[in-house]
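Results of the structural survey
The chain contents come next:
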Amino acid sequence: MQTVTTLAALRPATEALRAKGGLALVPTMGALHEGHLTLVREARKAAEHVAVSIFVNPRQFGANEDLDSYPRQLARDSALLEAEDVALLWAPSPEEVYPEGYATNVSVAGVSDGLCGADRPGHFDGVATVVCKLFNQVRPDMAFFGEKDWQQLAVIRRMARDLDLTLPNVEAIHGVPIVREADGLAMSSRNAYLSADQRVAAAALPREMRDAIARFVAGDTAGTVLSELTSALVTAGFDSVDYAELRDGGDLAPAVDPGPGTRLFVAARIGGTRLIDNMPVG
């Protein structure tokens, strides 16, 4: 595996890989877990070569969020990727991605509104900006993202469509189903922040979401189900619930009642950790 840290070295390296077959990109912020490795394996099924980026993007963290404490373990991550036969690791510094005088921002309206967009102002501008740059830096034939961050995936797809990015088409942006722990909790780098007791309590998130979906299917009123879902999470040990909402899975428009294509989205806080999840309804 070739590790590259500068744009000057990246461009010839990716051109050489593309000349030898298709190139897939898996963007990450590091602290890799089985969910990330699943993305890599799916990418390897679809392309001759896989590039992975590791970049903790400062522009998608808010003023009171965990940028400084976000886990950084490049040596461990590099070993995991090499074992997965990744061809190239793109690991730039913040100064390489955002050089002095950098002044451009990408903002995607609509799909970035509400949900995490409401609780994390500017977050999706940071996501759209860095992913746009990654696409232009690596110039992959396709890219793979986890569906745990469903709203993020919707933002990236809309951005790629609207800006006519270098990917062949928006269908080249692949969503990969959520990888879960044995107790159902969605895998996340932030799970490492949880204490032992918090980790046990966190399993209530997917469990209560599944129960809520069963009630939707049985015909219970959406408002009542969502209210009781919020209460159940607090009773289980969560400190607060940022949102528990039904949304259309495509354009993320709010849904009054569950129907075809509807998804349940939840974000809840336990200790200092914010966990998110989403599931299809029906």
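Predicted model only: the values in this text are computed from it and were never measured.

**Quick word on the sheet that holds strand β4 (residues 88-90)**
Within the open sheet, the 6 strands sit side by side as β1-β4-β3-β2-β5-β6. Their pairing is parallel. Of all the strands in the sheet, the pair left with one neighbour each is β1 (2-4) and β6 (173-176). Averaged over all pairs of adjacent strands, the angle between strand axes in this sheet comes to 25°, irrespective of strand direction. Helix α3 (residues 74-83) contacts β1, β3 (49-54) and β4 of the sheet and is inclined by roughly 170° relative to β3. Of the strands in this sheet, β5 (142-146) and β6 are in contact with helix α7 (residues 150-163), which crosses β6 at around 170°.

**Describing the sheet that holds strand β7 (residues 240-248)**
Overall, antiparallel pairing links the 3 strands, which are arranged β7-β8-β9 in an open sheet. Strand pairing shows two members of the sheet lacking a second neighbour, β7 and β9 (273-280), which therefore form its edges. Each strand axis lies, on average, 15° off the axis of its neighbour in the sheet, ignoring direction. As judged from the 8 bridges shared by β7 and strand β8 (residues 262-270), these two strands associate in the antiparallel manner. Across the sheet, Asp248 pairs through a bridge with Thr262, a residue of β8. Running over the sheet, helix α10 (residues 222-236) touches β7 and β8 and is turned about 150° from β7.

**Structural notes on the UniProt feature "binding site: (R)-pantoate" (unreviewed entry) in the chain**
UniProt annotation of "binding site: (R)-pantoate" (unreviewed entry) refers to Gln60 and Gln152 when read in the numbering used here. Spanning 93 residues, the named residues form one tight spatial group whose C-alpha atoms are at most 11.2 Å apart. Structurally, the position occupied by Gln60 is in the loop between β3 and α3. When residues no more than four places from it in sequence are discounted, the contact partners of Gln60 are Met29, Glu65, Arg120, His123, Gly126, Val127 and Val130. When you line up the elements, Gln152 lands in helix α7. In contact with Gln152, not counting residues within four places along its chain, are Phe124, Val127 and Phe145.

Cut-off values and rules
Residues numbered from 1 in each chain as written. Predicted model: local features only at pLDDT ≥ 70, side-chain atom pairs only at ≥ 80, totals over all residues. Heavy atoms only, no water. Pairing = 2+ DSSP bridges. Helix = DSSP H or I, 4+ residues; strand = E, 2+ residues; numbered from the N terminus. Axes fitted to C-alpha atoms, helices over the stretch in contact; angles between N-to-C directions. Contact = heavy atoms within 4.5 Å. UniProt positions renumbered as here; feature names shortened; annotations may be inferred.

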